[in-house]
Amino acid sequence: MTDVVPADAGYNPNPFIGIILLIVLLVFVLPDRLPQFISDFSPYFFAGIPCARLPAARDLAAHQSVIGRSVQDPLQLAVAPAAPEDSGALHIRLTVSNNSLGTLPIVFQEDNIVVAAGDGGRDGFGFIVAPEPAEGAVGRQAPDPVGYEESDIRLLGPRQRCVHALALVASQDMIDNGGTIRAYYRMSLPGEHQTRSEGKPAIYADQGLDFLSEGVVFSASVDIAPGE
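Scoring rules and cut-offs
- Residues numbered from 1 in each chain as written.
- Predicted model: local features only at pLDDT ≥ 70, side-chain atom pairs only at ≥ 80, totals over all residues.
- Heavy atoms only, no water.
- Pairing = 2+ DSSP bridges.
- Helix = DSSP H or I, 4+ residues; strand = E, 2+ residues; numbered from the N terminus.
- Phe/Tyr/Trp six-rings, centres within 6.5 Å; stacked < 30°, edge-to-face > 60°.
- Buried < 20%, exposed > 50% of the residue type's maximum accessible area, 1.4 Å probe, protein only.
- Disulfide = S-S within 2.5 Å.
- Salt bridge = Lys/Arg side-chain N within 4 Å of Asp/Glu carboxyl O.

1. Let's talk about the sheet that holds strand β3 (residues 89–98)
Point 1. Pairing in this open sheet of 4 strands is mixed, and the strands run β1-β8-β3-β2 from one edge to the other. The sheet terminates laterally at β1 (49–50) and β2 (75–81), the two strands that pair on one side only.
Point 2. Alignment of β3 against strand β8 (residues 161–169), held across 9 bridges, turns out to be antiparallel. Bridge assignment links Ser97 to a residue of β8, and that residue is Arg161.

2. Quick word on the packing of aromatic side chains
Point 1. Enumeration according to the criterion identifies 3 aromatic pairs in this entry.
Point 2. Ring centres of Phe108 and Phe125 lie 5.9 Å apart, and the angle between their planes is 70°; this geometry places the pair in the edge-to-face category. In this pair, Phe108 is assigned in the loop between β4 (104–107) and β5 (114–116) and Phe125 in strand β6 (residues 124–130), connecting sequence segments 17 residues apart. We note that Phe108, like Phe125, is buried.
Point 3. Ring centres of Tyr184 and Phe218 lie 6.1 Å apart, and the angle between their planes is 50°; this geometry places the pair in the tilted category. With a gap of 34 residues between them, Tyr184 in strand β9 (residues 179–186) and Phe218 in strand β10 (residues 216–218) connect regions that are remote in the sequence.

3. Focus on unusual backbone geometry
Point 1. A cis geometry characterises the amide bond from Ala130 onward to Pro131, with omega recorded as -5°.
Point 2. Its location among the elements puts Pro131 in the loop between β6 and β7 (153–156).
Point 3. Unlike most non-glycine residues, Asp59 shows phi in positive territory, near 55°.
Point 4. In this fold, Asp59 is placed in the loop between β1 and α3 (66–70).

4. Notes on the state of the cysteines
Point 1. One pass over the structure, following the stated rule, counts 1 disulfide.
Point 2. The partner cysteine of Cys51 in its disulfide is Cys162, sulfur to sulfur 2.1 Å. On the sign convention where negative means left-handed, the S-S torsion of about 85° between Cys51 and Cys162 marks this disulfide as right-handed. Note that Cys51 is positioned in the loop between β1 and α3 and Cys162 in strand β8, a separation of 111 residues in sequence.
Point 3. Assessed through its relative accessible area of 1%, Cys51 is described here as buried.

5. Description of the pattern of salt bridges
Point 1. Applying the stated criterion to the full structure yields 1 salt bridge.
Point 2. Where Asp206 meets Arg69, a salt bridge forms, and the shortest distance between an N and an O atom there is 2.9 Å. Of the two residues, Asp206 sits in the loop between β9 and β10 while Arg69 sits in helix α3, which places them 137 residues apart along the sequence.
Point 3. Residue Asp206 is classed as buried on the basis of its relative accessible area, which comes to 16%.

Just distances and angles here, no functional claims.
Here's what the structure looks like:
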């Protein structure tokens, strides 16, 4: 006589249920944990594209984000320095985040980032470093123009962030004792158009750069560890 084997014989639902639970866990955990993990492991993979690669502004006389013009204080800065190397090199990573739903025009001049012991009041990005960096570490300080060339204005999209890496020369005092660093972005003027768009009405009379209520935003002050 042939035994009848039930249709569900040998079927174990536990692996299937375990896979479902794992998927649900990943859905709830990854959005909070994965970005931070990847950012720490490889900053440029997830933390944001280099600020220099953000799209440049085009024809801001006629094309600007209405939401971006109406937001206040949407910009957030974070700075992450490494300990000075034996050679004196001090590597710094700056993260610029747009926490609004509008597109922000930010002035980013890679060769004109001020690095000094104090805040000189210049527009654009800068770092306040103590003790003062070694000679040659201070960026070029050109006069603040009334309006910026659109090639120097980058568009930071909604909820987007960008990163910029900078290498300075640490002073011997910093190598021996460490120090502090703080980043800032200042824009005291709305910006006047250098040129007007041909054949199009100049809808906006400025470049839309005045979205900071106090004219400046600072990052938290971060300690720099002494060199090893």
